[in-house]
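For reference, the chains in residue letters:
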Amino acid sequence: QVELSESGGGLAQAGGSLRLSCGALGRTDIMAWFRQAPGKEREFVATITWSGGGTSYADSVKGRFTISRDNAKNTVYLQMSSLKPEDTAVYYCHTLIKLMNYWGQGTQVTVSS
């Protein structure tokens, strides 16, 4: 059983920055961030291996967002910079353990132009 809890969302101006955190209770492995904008499907944002040595990003955020993790704190981060209005969405963290998907409750990010 894994519980994920996101925090750090809020309102930012275009060009600004926010850092999201995802705290986990229980064992985690590969972690990822997804987002869902109003009226759109949930989409992949970034992923990171357990060691932190492997990361991957959606083309839409590459070069602006950075995913990282602190296994001692069982926490994954998403540093978001150069924010754009189209980054507005609810951001979710995710992990897959023994073929079961675990999601957090999400945190709202709103970017104003």
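Residues numbered from 1 in each chain as written. Predicted model: local features only at pLDDT ≥ 70, side-chain atom pairs only at ≥ 80, totals over all residues. Heavy atoms only, no water.

## Topic: the overall build of the protein
Piece 1. A count of helices and strands for the protein gives zero helices and 11 strands.
Piece 2. For the protein, the succession of helices and strands along the chain, N to C, is β-β-β-β-β-β-β-β-β-β-β.
Piece 3. What you see for the protein is a C-alpha radius of gyration of 13 Å, in line with the 13 Å of a compact globule of 113 residues.
Piece 4. Its C-alpha atoms put the protein at 40 × 30 × 20 Å along the principal axes.
Piece 5. Taking all 113 residues of the protein together, the buried fraction comes to 42%.
Piece 6. Carbon together with sulfur atoms contributes 51% to the accessible area of the protein, which is approximately 6100 Å² in total. (Helix = DSSP H or I, 4+ residues; strand = E, 2+ residues; numbered from the N terminus. Rg over C-alpha atoms; globule rule 2.2 N^0.38 Å. Buried < 20%, exposed > 50% of the residue type's maximum accessible area, 1.4 Å probe, protein only. Areas by Shrake-Rupley, 256 points an atom, 1.4 Å probe, with all protein chains shown as cover.)

## Some points on unusual backbone geometry
Piece 1. Positive phi values are uncommon outside glycine, yet Asn 74 reaches one of about 50°.
Piece 2. Mapped onto the secondary structure, Asn 74 falls in the loop between β7 (65-70) and β8 (75-80).
Piece 3. In this structure, Leu 99 is a non-glycine residue whose phi angle is positive, near 65°.
Piece 4. Position of Leu 99 relative to the elements: it lies in the loop between β9 (89-97) and β10 (100-103).
Piece 5. Judged by its relative accessible area of 78%, Leu 99 is exposed.

By themselves, these figures tell us nothing about what the structure is for.
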